[in-house]
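# Structure assessment
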Amino acid sequence: MRLSRYFLPVLKETPAEAQIVSHRLMLRAGMIKQSSAGIYSWLPLGYRVLRRIEQIVHEEQQRAGHIPMLMPTLQSADLWRESGRYDAFGPEMLRITDRHDREMLYGPTNEELITDIVRANVGSYKQLPLTLYHIQWKFRDEVRPRFGVMRGREFLMKDGYNFDLTREDALHAYNRHLVSYLRTYERMGLQAIPMRADSGAMGGDDTHEFLVLAETGESEVFYDAEVTELSFGDREIDYDDVAECAGVMEEFTSRYARTDETHDAALFEKVPEERRRTARGIEVGQIFYFGTKYSDALGATVQGPDGKPTALHMGSHGIGVSRLLGAIIEASHDDKGIIWPEGVTPFRVGIVNLKQGDSATDSACDGIYAQCVAEGLDPLYDDTKERAGGKFATMDLIGLPWRITVGPRGLAAGKVELTSRRSGESVEMAPEEAIAKLREIYASHP
Ligand code: ATP
Ligand code: MG
């Protein structure tokens, strides 16, 4: 993309309404624009990151054997009456009446809708196990929408639902989700720690939230410092292997790590004092096992191996796709702007032309740009007439992890500069070398 033809409305001033750094930076970098409280338009740069995050979520869910689909945002109130949640959900649910006076709602989540689909189409245990998911907009009429996309009213969520014959199978599905979530967040350059949580309105026994540690987080968390040393890394995993998935679950959840809702001071005391931590965290996902709660309420049964109707064991598993943009920025920025991890960056490399209009510099930039495009390095080429300082400031603000700077002086020696946004370190090298380096870096971020 050439910046002269792009739409990147960056702001010089810090918007007064933004209280936290991720919200400020998303507004300043021209990623989002509020349309009404807690509801945002995704401008081209923000939309690019949103799509990258969605893509990673899709890939990791499908790697785990989960099946993508898409359910509507508007749902009928009747189904929610069957489960008893129409009244239980309260004022957070946006209720709508259509022209025929039918009661509808903008879905805050999808347990009812998916259970309805499954009860209508799955009749035998032989069709199990089954995990379906979608990435769809949700609406929750939050009392205090704030912090930009972090606590919106309309927000994008990945929600997945497993249907199993037995509790054991459903717990395997739970573990599979835990593993897939660990991989998902790590690919985004984030450490999200699974913590024992409270099941709240969902109901059920087993639930973990995934938290990114950040001072601006809304949850208070208590943990054993050892949990921050764990990483899933690039190990192979067989998602059908029950023991292997259970082993990962054990590894990542056996140490003390809880949100304030389930915090147990006496248990926490047993963690050696020097490893006890109290901090704040951002919830970027949650997994639940809730047994037959919804299948009982909605009559979702299958014929079991003994020929008898058996209620389905279910769980639901969410990732805050749009909230993740805020969480990643909270975890990765400096006073100049955002620092995107390679896995989610909107463009992989920025190209800065220090002397736009100079024919030799322009043609060198055009060549580098064309080669980056050809190699899938998705460049953003600043080909505007802005002075160098302004170009650097914009690149730093929007946070591309790598920058190639091209100027007449370097070119005279056959060199450009490759700069890391994270370390600030610049190295002079031939253009082909810079591209080779980027190729190598991005090889591990497909
Ligand atoms: P919270 O406790 O933050 O209100 P929740 O526990 O009610 O969230 P879930 O039902 O678990 O939310 O939804 C799955 C994920 O969706 C959450 O882990 C979170 O990342 C995201 N999410 C929930 N509410 C919002 C919101 N208002 N704005 C943006 N993302 C949200
Ligand atoms: Mg939650």
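Remember, it's a predicted structure, so these values are computed and weren't measured experimentally.

Here the focus is the site of ligand 1. Around ligand 1, 14 residues are found, and the nearest of them are R140, E142, R151, G152 and E283. Here an oxygen atom of ligand 1 and a side-chain polar atom of R323 are 3.0 Å apart. Calculation on ligand 1 without its partners gives an accessible area of 580 Å², and the protein chains cover 83% of this total. Put simply, ligand 1 lies in the largest pocket. Taken together, the elements giving at least two residues each to the shell around ligand 1 come down to β8 (154-164) and β13 (276-291). At four residues, the largest contribution of residues to the shell around ligand 1 is made by β13.

In the structure shown here, the tally under the stated rule is 29 salt bridges. Where R153 meets D141, a salt bridge forms, and the shortest distance between an N and an O atom there is 2.8 Å. A residue pair is termed long-range when its members are at least 10 positions apart, and R153 in the loop between β7 (130-139) and β8 and D141 in the loop between β7 and β8 qualify at twelve residues. Among the residues examined, R153 registers a relative accessible area of 18% and is labelled buried. Residue E218 pairs with R151 through a salt bridge whose shortest N-O separation is 2.9 Å. Here the residue E218 occupies a position in the loop between β10 (206-213) and β11 (219-224), and R151 occupies one in the loop between β7 and β8, the gap between them amounting to 67 residues.

Another aspect to go through is the coordination of the magnesium ion (ligand 2). Those donors, E283 (OE) and Q286 (OE1), are the protein atoms that reach the magnesium ion (ligand 2), and they lie 1.9 to 2.1 Å from it. Classification of Q286 by relative accessible area gives buried; the value is 12%.

Before going further, it helps to spend a moment on the sheet that holds strand β19 (residues 349-353). Pairing within the open sheet is mixed, and its five strands lie in the order β20-β19-β21-β22-β23. The two strands at the open ends of the sheet, each matched to only one other strand, are β20 (379-382) and β23 (426-429). Between one strand and the next, the sheet's axes are offset by a mean angle of 20°, whatever the strand orientation. Here β19 pairs with strand β21 (residues 402-406) via four bridges, running parallel. Across the sheet, the residue bridging to G350 is R403, located in β21. Against the sheet, helix α11 (residues 359-374) contacts β19, β20, β21 and β22 (416-420), and its axis sits at roughly 170° relative to β19.

As a further point, take the pairing of β11. Counted residue by residue, β11 has five buried out of six residues, so it is predominantly covered. Bridge analysis of β11 against β13 gives six bridges, and the strand direction is antiparallel. Residue F222 lies in a different strand from β13, and its bridge partner there is T278.

When its volume is computed, the largest pocket comes out at roughly 1000 Å³. Residue lining of the largest pocket: 43 residues in total, with R140, E209, E283, Q286 and R323 positioned closest to the centre. For the lining of the largest pocket, the secondary structure elements donating two or more residues are α4 (85-88), β8, β13 and β16 (313-320). The class makeup of the residues in the lining of the largest pocket is 13 nonpolar, 16 polar and 14 charged. The calculated volume of the second largest pocket comes to roughly 570 Å³. Elements with a minimum of two residues in the lining of the second largest pocket: α2 (44-63) and α6 (167-187). No other element matches α2, which puts six residues into the lining of the second largest pocket.

This part takes up the domain arrangement of the chain. Per the domain assignment, the segments of the chain are domain 1 (3-337) and domain 2 (347-442). Here the C-alpha centroids of domain 1 and domain 2 sit 37 Å apart. The interface of domain 1 with domain 2 comprises 15 residues on the first partner and 14 residues on the second. For the pair domain 1 and domain 2, the summed buried area comes to about 1300 Å², and 58% of that belongs to carbon and sulfur atoms.

Let's shift gears to α2. The end-to-end C-alpha distance of α2 is 28 Å, a good match for the 28 Å that 20 residues give at a rise of 1.5 Å each. Within the span of α2, buried status applies to L45, G46, V49, L50, I53, E54, I56, V57, E60 and Q61. Immediately beyond the C-terminal end of α2, within one or two residues, lies G65, with a positive phi of roughly 90°.

About the thresholds
Residues numbered from 1 in each chain as written. Chains lettered and ligands numbered in written order. Predicted model: local features only at pLDDT ≥ 70, side-chain atom pairs only at ≥ 80, totals over all residues. Heavy atoms only, no water. Near = heavy atom within 4 Å. Polar contact = N/O pair within 3.5 Å; in protein donor to acceptor, adjacent residues only side chain to side chain. Areas by Shrake-Rupley, 256 points an atom, 1.4 Å probe, with all protein chains shown as cover. 1 Å grid on protein atoms, 1.4 Å probe; cavity = no way out; pocket = protein on both sides within 12 Å on 5 of 7 lines; lining within 4 Å. Sits in = over half its atoms within 2 Å of the grid points. Helix = DSSP H or I, 4+ residues; strand = E, 2+ residues; numbered from the N terminus. Salt bridge = Lys/Arg side-chain N within 4 Å of Asp/Glu carboxyl O. Buried < 20%, exposed > 50% of the residue type's maximum accessible area, 1.4 Å probe, protein only. Donors = N, O, S within 2.8 Å, 3.2 Å for Na, K, Ca; no water. Pairing = 2+ DSSP bridges. Axes fitted to C-alpha atoms, helices over the stretch in contact; angles between N-to-C directions. Contact = heavy atoms within 4.5 Å. Points joined across faces, edges and corners; volume = space filled by probe spheres on them. Nonpolar A, V, L, I, M, F, W, Y, C, P; charged D, E, K, R; others polar. Domains from an automatic or database assignment. Buried area = accessible area lost by both parts, 1.4 Å probe. Expected span 1.5 Å × (residues − 1).

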